[in-house]
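Residue-level structural notes
If you want the building blocks of each chain, they are given just below.
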Amino acid sequence: MNYKIAVLAGDGIGPEICAGATKVLEKIGIKFGHSFEFEHLPIGGVAIDNYGTPLPDFTVEKCLKADSVLLGAVGGYKWDKLPGDKRPEKGLLGIRKAMGLYSNIRPAKLWKQLADASPLKHELVKDGIEIIIVRELIGGIYFGERGRGKENGAEFAWDTEKYSVPEIERITRIACELALKRSKKLVSVDKANVLESSRLWRKTVHEYAAKHYPEVEVTDVLVDNMAMQIVKNPAQFDVVVTSNIFGDILSDEAAQVTGSIGMLASSSLGDTTCGLYEPIHGSAPDIAGQDIANPIATILAAAMMLRDSFGLTAEYDAVINAIERTLEQGWRTADIYSEGCKKVGCKQMAKLVCDNI
Ligand code: IPM
Ligand code: MN
């Protein structure tokens, strides 16, 4: 098979980590007899610099025509002073919206080879952690009305968190499907003790799950408590469903608990198989261009694409096994380095994973 992949490398370490991931895909292609065609397209700061917008129309058009999309990261100091709708991040939000990618799956898993990298005590992580956060991605406060004004001489600004029943139902369906394949336990995170949108969220999740997925047991956890539970006892969680902003925050926290945010990828899907796959970390402008970034999250994102967009499960497994083997051999990028291991850069790490496929 020939697969057309749009590559949105973006800013900061984006180009380095995407190069690592496309190398791995090429190796998979050779090994399993597929060909991958990569089309590089601008997004974020680099698109602002060259086209005056963080998301040129042709980037959107070509992504919609591709079989799937791989994304590096967007943003950097250079564009930090721009107004909200002209920032690099707007490009990422825009492509998610344009592709209708309402479901963002962020698995935070503890790699047994990296258990020492977790900031938590050994007894809390010794049995492993795998929290899969299902984040609603194109609704809520990220896309609600916002504005600025002046009241009694004082400047003010506002954003709105708004969710409709169909928006909540479709993300609940994704989370329930996932829970069915796993522990059949689903945790829904909200702030229903304060927010009206959360009260509708909670009611809808329960009604929808009870009607369509009676086997799935749904428990509610308030977001502040969830933030605490993730560091207190992360092993208690399996599949978690939540809103856009809570998912953004909790997925970083869950990632850190597993040791390094440089090891975690995410998939974003809507109603088609054309999805967007990206590392959950950002553009890390402080280390850009130094060949020290960890490419594994982006390699994992590419693996998720193989499985979730193309249905290539053996190929997915081959990538995961190669990453595990590379870690077992003691190779580490700086972010996951510990004494006694062998430190390598971004390029070399990607090459080692290729060699282990
Ligand atoms: C993420 C990022 C983005 C988000 C930013 C860069 C817009 O933090 O993917 O988690 O908030 O969704
Ligand atoms: Mn984030």
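Residues numbered from 1 in each chain as written. Chains lettered and ligands numbered in written order. Predicted model: local features only at pLDDT ≥ 70, side-chain atom pairs only at ≥ 80, totals over all residues. Heavy atoms only, no water.

On to unusual backbone geometry, then. Here the phi dihedral of N152 falls at roughly 45°; this positive angle occurs in a residue that is not glycine. Using a relative accessible area of 83% as the deciding quantity, one classes N152 as exposed. Of note, the phi angle at D291 is positive, near 55°, even though the residue is not glycine. Within the element layout of this structure, D291 appears in the loop between β12 (276–279) and α10 (296–308). A residue is classified by how much of its surface remains accessible, and D291, at 32% relative accessible area, is partly exposed. (Buried < 20%, exposed > 50% of the residue type's maximum accessible area, 1.4 Å probe, protein only. Helix = DSSP H or I, 4+ residues; strand = E, 2+ residues; numbered from the N terminus.)

Between its terminal C-alpha atoms α10 stretches 18 Å, which fits the 18 Å expected from 13 residues at 1.5 Å a residue. Among the 13 residues that make up α10, eleven are buried, leaving the element largely enclosed by the rest of the structure. Every buried residue belonging to α10 is among I296, A297, T298, I299, L300, A301, A302, A303, M304, M305 and L306, and all of these are buried. (Expected span 1.5 Å × (residues − 1).)

In the neighbourhood of ligand 1, the contacting residues comprise E89, L92, R96, R106, R135, Y142 and D248. Here R96 contributes a side-chain N or O atom positioned 2.7 Å from an oxygen atom of ligand 1. Measuring from an oxygen atom of ligand 1, one finds a side-chain N or O atom of R106 at 2.8 Å. Burial of ligand 1 by the protein chains amounts to 78% of its free accessible area of 320 Å². Here the shell around ligand 1 takes three residues from helix α4 (residues 88–98), the largest share from any one element. When grouped by side-chain class, the residues that make up the shell around ligand 1 number two nonpolar, no polar and five charged. Counting the residues that make up the shell around ligand 1, at least three belong to each of domain 1 (1–108 + 272–357) and domain 2 (119–257). (Near = heavy atom within 4 Å. Polar contact = N/O pair within 3.5 Å; in protein donor to acceptor, adjacent residues only side chain to side chain. Areas by Shrake-Rupley, 256 points an atom, 1.4 Å probe, with all protein chains shown as cover. Nonpolar A, V, L, I, M, F, W, Y, C, P; charged D, E, K, R; others polar. Domains from an automatic or database assignment.)

As a further point, take the packing of aromatic side chains. Applying the stated criterion to the full structure yields five aromatic pairs. Between the aromatic rings of Y51 and F58, the centroid separation amounts to 5.2 Å while the plane-to-plane angle is 70°, which identifies the pairing as edge-to-face. Among the residues examined, F58 registers a relative accessible area of 27% and is labelled partly exposed. Cation over ring: R135 sits above Y142, and NZ or CZ is 5.2 Å from the ring centre. Positioned above the aromatic ring of W331, the side-chain terminus of K342 is 4.1 Å from the ring centre. (Phe/Tyr/Trp six-rings, centres within 6.5 Å; stacked < 30°, edge-to-face > 60°. Lys NZ or Arg CZ within 6 Å of the ring centre and 35° of its normal.)

Attention now goes to the pattern of salt bridges. Going through the model one piece at a time under the given rule, you end up with 16 salt bridges. K62 is paired through a salt bridge with E39; the nearest N and O atoms lie 3.5 Å apart. A residue pair is termed long-range when its members are at least 10 positions apart, and K62 in helix α3 (residues 57–65) and E39 in strand β2 (residues 35–40) qualify at 23 residues. Overall, the relative accessible area of 33% leaves E39 in the partly exposed class. A salt bridge links R307 to D308; the shortest N-O distance between them is 2.7 Å. (Salt bridge = Lys/Arg side-chain N within 4 Å of Asp/Glu carboxyl O.)

Treat this as a map of the structure, not an account of what it does.
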